[in-house]
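Each chain, letter by letter, is given below.
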Amino acid sequence: MTDAPISAELFARAQRVIPGGVNSPVRAFRAVGGTPRFMVSGRGPYLTDADGKTYVDLVSSWGPMIHGHAHPEIVAAVQEAAARGLSFGTPTLGEIELAEELIGKLTAGAARAGVPSPLEEVRLVNSGTEATMSAIRLARGATGRSKIVKFAGCYHGHVDSLLASAGSGVITFGLPDSPGVTPAQAAETIVVGYNDLAAVRAAFEQDGSEIAAVITEAAPGNMGAVPPLPGFNQALLELAHEHGALLISDEVMTGFRVSEAGWYGLDPVAADLFTFGKVMSGGLPAAAFGGRAALMSYLAPAGPVYQAGTLSGNPVAVAAGLTSLRLATEAVYRRLDDHARTIGELASAALTAAGVGHRRQYAGNLFSIFFTETPEQPITDFDRVRATDTFRYGPFFHAMLDAGVYLPPSAFEVWFVNAALDSAAIDRIAEALPAAAQAAARAVPPAA
Ligand SMILES: Cc1ncc(COP(=O)(O)O)c(C=O)c1O
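All of these numbers come straight from a predicted model, not from anything done at the bench.

**A few points about the side chain of Glu101**
Item 1. The residue Glu101 is located in helix H3 (residues 93-113) in this model.
Item 2. Using a relative accessible area of 18% as the deciding quantity, one classes Glu101 as buried.
Item 3. Leave out the neighbours within four places in its chain, and Glu101 touches Leu322, Leu325 and Arg326.

If you want it as structure tokens, here you go:
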């Protein structure tokens, strides 16, 4: 492993004042070992750490930075907004413009599919967690029911009732559920296998009259890229509606990343509620949830379901998000798709040359490399994800890091490309991969 003395010193200092030294668990590198890198700046496709080393960034702040780092137009919009004042606690024009932009993009996606838009109103919040938490409260308030169906391996933020069998950091640390979630909260959550319609049907047969909503990642990226089987999301919608329940499509990760209209643009299923975050924030804290006006009107102050936020619709965050979305043209999505394909193919070629069994899966331009000796077998759910050879990921990750490529520090996270990746950055990835593939080949499984 490369020496990163300043990061190591900062990490030791951080651990004295911040639990585990980080403000979000996966940043601590526990799944891959070694010293988390403390970044000091980012520009285009590169990050620079406290020791002065640069990395090609394939995490993109876990999704938001689709234009790369410090995009000049986004920085200028933020500076301009900040100069006018940081927060007013009143309505502002920017909030209307951002809401119109979000609705406009999904409405255009719906028009391309020849169907009415499922998104008429949105409420802005500060994080994806708040978006899913609020969408669930609204679903419960509108249906008068309490249970929620979620899928094993899907992550919807750290909402109490949604931590059951969650993906992302929760699997990275092998925490099946979190202490602090009460039995009553857990009892309201029915967890079923992903892509398993029979299990969803059985849940409705057993508890149908108590189920308020099914929540699903529009295309899961928190157990690696595990896309829905064709027709799965539509079947969820139909099953939910047959039983008087709602469908919440969580597009926090996929929204405005995998197409201009997110996963909805690729698979236009008219969920009752959508949740957004990451890309729509431009890299500052902003997120949203929304749906048709009739359902959204249950929210205070129009309706009785309470939801609020001191900094919701913050003018600086709104300026970043709006500029980022306006820059996200069709050409940007073609670039993201091309990068995802190219980098995925380069990784596969290096792993194949090193004799490492693996399977590459895509959910739009989100992708994962699963280490497996049965690469012909699609990975369709969390059980199959957990059966992969994750012990190969740490050595692979560290060889890439040494060579100046920053991958997600967990085998269960997707690789996030950004449109700033250029041929020099892609060359660096290509040069790093053969040694990383050799490191993966040499990895030995932990003793049983
Ligand atoms: C699909 C999905 N939903 C919700 C969240 C939670 O978002 P946040 O981390 O902004 O609270 C995430 C975060 O990774 C996510 O991927």
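Resuming the write-up.
**Section: the site of the ligand**
Item 1. Taken together, Ser127, Gly128, Thr129, Tyr155, His156, Gly157, Glu217, Asn222, Asp250, Val252, Met253 and Lys278 make up all the residues around the ligand.
Item 2. In this structure, an oxygen atom belonging to the ligand sits 3.0 Å away from a side-chain N or O atom of Lys278.
Item 3. Expressed as a share of its isolated accessible area of 390 Å², the protein-covered part of the ligand is 82%.
Item 4. Residue composition of the shell around the ligand, grouped by class: three nonpolar, six polar and three charged.

**Here's the deal with the packing of aromatic side chains**
Item 1. Within this structure, the stated rule accounts for 17 aromatic pairs.
Item 2. Between Phe29 and Tyr406, the ring centres sit 6.4 Å apart and the planes meet at 35°, which makes this aromatic pair tilted. Placement of Phe29 in the loop between helix H1 (5-17) and strand E1 (39-43) and of Tyr406 in strand E13 (residues 405-406) is noted, with a sequence separation of 377 residues between them.
Item 3. Arranged with centres 5.8 Å apart and planes meeting at 75°, the rings of Phe371 and Phe396 form a pair that is edge-to-face. Here Phe371, found in strand E12 (residues 366-371), pairs with Phe396, found in helix H14 (residues 393-402); they are 25 residues apart in sequence, far enough to count as distant.
Item 4. Through a chain of ring-to-ring contacts, three or more aromatic side chains come together here, namely Phe29, Tyr55, Tyr362, Phe367, Phe371, Tyr393, Phe396, Phe397, Tyr406 and Trp415.

**Let's talk about the environment of Tyr55**
Item 1. Among the structural elements, Tyr55 can be located in strand E3 (residues 54-57).
Item 2. Separated by 148 residues in sequence, Tyr55 and Ala203 place their C-alpha atoms 46 Å apart.
Item 3. Leave out the neighbours within four places in its chain, and Tyr55 touches Arg37, Met39, Pro45, Tyr46, Leu47, Asp49, Leu401, Gly404, Val405, Tyr406 and Arg428.
Item 4. Polar side-chain contacts of Tyr55 include one of 2.7 Å to the side chain of Asp49.

**A look at the packing of H14 against helix H15 (residues 423-442)**
Item 1. With their axes 8 Å apart at the nearest point, H14 and H15 run at an angle of 150° to one another. Here H14 lies roughly antiparallel to H15, going by the angle between them. Along this stretch, H14 crosses H15, giving a crossing that reads as right-handed. On H15, the residues that touch Pro395, Phe396, Ala399 and Met400 of H14 are Ile429, Ala432, Leu433, Ala435, Ala436, Ala437, Ala439 and Ala440.
Item 2. Split into classes, the residues belonging to the contact of H14 with H15 amount to twelve nonpolar, no polar and no charged.

**Quick word on the pattern of salt bridges**
Two side chains bearing opposite charge may form a pair once their charged atoms approach each other closely.
Item 1. Per the stated rule, a full pass over the model turns up eight salt bridges.
Item 2. A salt bridge links Glu101 to Arg326, with the nearest nitrogen and oxygen atoms 3.7 Å apart. Of this pair, Glu101 sits in helix H3 while Arg326 sits in helix H11 (residues 315-327), and the two are 225 residues apart along the sequence.
Item 3. Residue Arg326 is classed as partly exposed on the basis of its relative accessible area of 48%.
Item 4. Note that Asp383 and Arg386 form a salt bridge whose closest N and O atoms lie 3.4 Å from each other. Residue Asp383 and its partner Arg386 are both found in helix H13 (residues 382-386); the two are separated by three residues, about one turn of the helix.

**Observations concerning the packing of helix H2 (residues 72-84) against H11**
Item 1. Where H2 contacts H11, the two axes come as close as 8 Å, and the packing angle between them is 155°. Looking at the two axes, H2 sits roughly antiparallel to H11. Judged by the sense of rotation from one axis to the other, the crossing of H2 with H11 is right-handed. Along its contact with H2, which presents Glu73, Ile74, Ala77, Val78, Ala81 and Ala82, the element H11 presents Pro315, Val316, Ala319, Ala320, Thr323, Ser324 and Leu327.

**Examining the domain arrangement of the chain**
Item 1. On domain assignment, one finds that the chain holds domain 1 (5-67 + 330-442) and domain 2 (75-327).
Item 2. Here the C-alpha centroids of domain 1 and domain 2 sit 26 Å apart.
Item 3. Contacts between domain 1 and domain 2 engage 35 residues on the former and 37 residues on the latter.
Item 4. When domain 1 packs against domain 2, close to 2800 Å² is buried across both sides, 64% of that on carbon and sulfur atoms.
Item 5. Our count for the domain 1 to domain 2 interface comes out at zero salt bridges.

Conventions we followed
Residues numbered from 1 in each chain as written. Predicted model: local features only at pLDDT ≥ 70, side-chain atom pairs only at ≥ 80, totals over all residues. Heavy atoms only, no water. Helix = DSSP H or I, 4+ residues; strand = E, 2+ residues; numbered from the N terminus. Buried < 20%, exposed > 50% of the residue type's maximum accessible area, 1.4 Å probe, protein only. Contact = heavy atoms within 4.5 Å. Near = heavy atom within 4 Å. Polar contact = N/O pair within 3.5 Å; in protein donor to acceptor, adjacent residues only side chain to side chain. Areas by Shrake-Rupley, 256 points an atom, 1.4 Å probe, with all protein chains shown as cover. Nonpolar A, V, L, I, M, F, W, Y, C, P; charged D, E, K, R; others polar. Phe/Tyr/Trp six-rings, centres within 6.5 Å; stacked < 30°, edge-to-face > 60°. Axes fitted to C-alpha atoms, helices over the stretch in contact; angles between N-to-C directions. Parallel < 35°, antiparallel > 145°, perpendicular 65-115°, else oblique. Left-handed = near helix turned anticlockwise from the far one by under 90°. Salt bridge = Lys/Arg side-chain N within 4 Å of Asp/Glu carboxyl O. Domains from an automatic or database assignment. Buried area = accessible area lost by both parts, 1.4 Å probe.

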